[in-house]
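Coordinate inspection notes
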Amino acid sequence: RRGRESESEARSSDERARKRRETMRPMRLTQTVTRQGTAPLTAPRRAVTARAAASGLKQLSDAQLEQQVKEAKTEIVKLEMKKASRQEFKPHEIKAQKKRVAQLLTVKREREIEQGISKRESKRAEKNAALAKYKQQLKDANIVIQRPKSTKLRWQKRQAARDASEE
């Protein structure tokens with residue numbers, strides 16, 4: 001008798017699950033109506049707004065892009081410092097700032113691709129620009145950094161001195 005009850009229960013749960021699947025509606029797509037009739041179904045509005053935000057970034061100049069990347073990265077650092085020191089902060093803002101940085105860097109890289117700059121050339125140019133900036137800061141502060149003389153030069157001088165003393 002118990003076996004029959006479990007089979008009937010199993011059948012009824014299967015039927016309920018099938019009915020649930022049948023009644024589930026797919027994700028709603030937006031549909032625009034024009035004078036000629038209805039336009040084909042398009043993607044949800046959420047995807048369209050993301051593209052609209054990215055198109056606004058494309059209008060920025062290279063200097064403005066760099067400035068905004070720098071600002072967003074400093075904001076991420078500030079938020080992470082708040083998190084580490086257990087101060088109040090909104091955790092979703094970290095994710096939003098990271099996404100903003102990614103969008104800005106994507107726009108920057110797209111421009112480089114249009115100009116025909118390879119990824120390696122781009123990285124090298126960034127590195128050289130950072131080094132030039134650092135050297136300029138040292139120069140402005142009147143800081144002189146001397147490289148240590150190589151041991152090879154010292155060895156050669158000692159050898160020359162020995163040779164001169166032997167003669």
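Residues numbered from 1 in each chain as written. Predicted model: local features only at pLDDT ≥ 70, side-chain atom pairs only at ≥ 80, totals over all residues. Heavy atoms only, no water.

**Looking at the overall build of the protein**
Stated formally: The way it works is that DSSP assigns letters per residue, a run of H or I at least four long becomes a helix, a run of E at least two long becomes a strand, and they are numbered from the N terminus. Whether a residue is buried, partly exposed or exposed follows from its accessible area with a 1.4 Å probe, protein chains only, as a fraction of its type maximum: under 20%, in between, or over 50%, in that order. Contacts were defined at the residue level, with two residues in contact if any of their heavy atoms lie within 4.5 Å. To be clear on the numbers: accessible area is Shrake-Rupley with a 1.4 Å probe, and residue cover counts the displayed protein chains and nothing else.
Helix and strand counts for the protein come out as six helices and two strands. Along the protein, helices (α) and strands (β) appear in the sequence α-β-β-α-α-α-α-α when read from the amino end. Within the protein, the fraction of its 167 residues that count as buried is 10%. Long-range contacts, defined as pairs at least 24 residues apart, comprise 42% of the intrachain contacts of the protein with a sequence gap of at least 6. As displayed, the protein has an accessible area near 15600 Å², and 52% of this comes from carbon and sulfur atoms.

**A short note on a positive patch on the surface**
Quick note on the threshold: Here a patch means residues that are over 30% exposed by relative accessible area and free of salt bridges, tied together within 9 Å if like-charged and within 5 Å if nonpolar (Val, Leu, Ile, Met, Phe, Trp, Tyr). The salt bridge criterion pairs a side-chain nitrogen of Lys or Arg with a carboxyl oxygen of Asp or Glu, the two atoms within 4 Å. As used throughout, the charge tally considers Lys and Arg to be positive and Asp and Glu to be negative, leaving His and the chain termini uncounted. Charge positions come from single atoms, namely NZ of Lys, CZ of Arg, CG of Asp or CD of Glu.
Taken together, the side chains of Lys149, Arg154, Lys157, Arg158 and Arg162 define a basic patch exposed on the protein surface. Along the chain, Arg162 turns up in helix α6 (residues 151–166). We classify Arg162 as partly exposed; its relative accessible area is 45%.

**Examining the nonpolar core**
This is how it is decided: As used here, the term nonpolar core means buried Ala, Val, Leu, Ile, Met, Phe, Trp, Tyr and Cys residues forming a set that is joined through side-chain atoms within 4.5 Å.
Ranked by size, the top nonpolar core spans six residues in total: Leu57, Leu60, Leu65, Val69, Leu104 and Val107. Elements with a contribution of two residues or more to this core: α3 (62–84) and α4 (91–115). In this structure Leu60 touches Leu65, Gln68 and Arg111, once residues within four positions along its chain are discounted.

**Some points on a nonpolar patch on the surface**
A cluster of nonpolar residues, Leu131, Tyr134, Ile143 and Ile145, forms a patch on the protein surface that exposes about 400 Å² of accessible area. Secondary-structure assignment places Ile143 in the loop between α5 (119–140) and α6. Since its relative accessible area comes to 45%, Ile143 is described here as partly exposed.

**A closer look at the pattern of salt bridges**
Counted by the stated rule, this structure contains five salt bridges. Salt-bridge contacts for Lys108 lead to Glu66; the nearest nitrogen and oxygen are separated by 2.7 Å. Of the two residues, Lys108 sits in helix α4 while Glu66 sits in helix α3, which places them 42 residues apart along the sequence. Note on Glu66: relative accessible area 39%, which makes it partly exposed. By relative accessible area, which is 19% here, Lys108 ends up buried. Members of the salt-bridge network, linked through shared partners, are Glu66, Lys108 and Glu126.

**Considerations on the side chain of Ser122**
As for its position among the elements, Ser122 is in helix α5. Once residues within four sequence positions are removed from consideration, Ser122 is found in contact with Arg109, Glu112 and Ile117.

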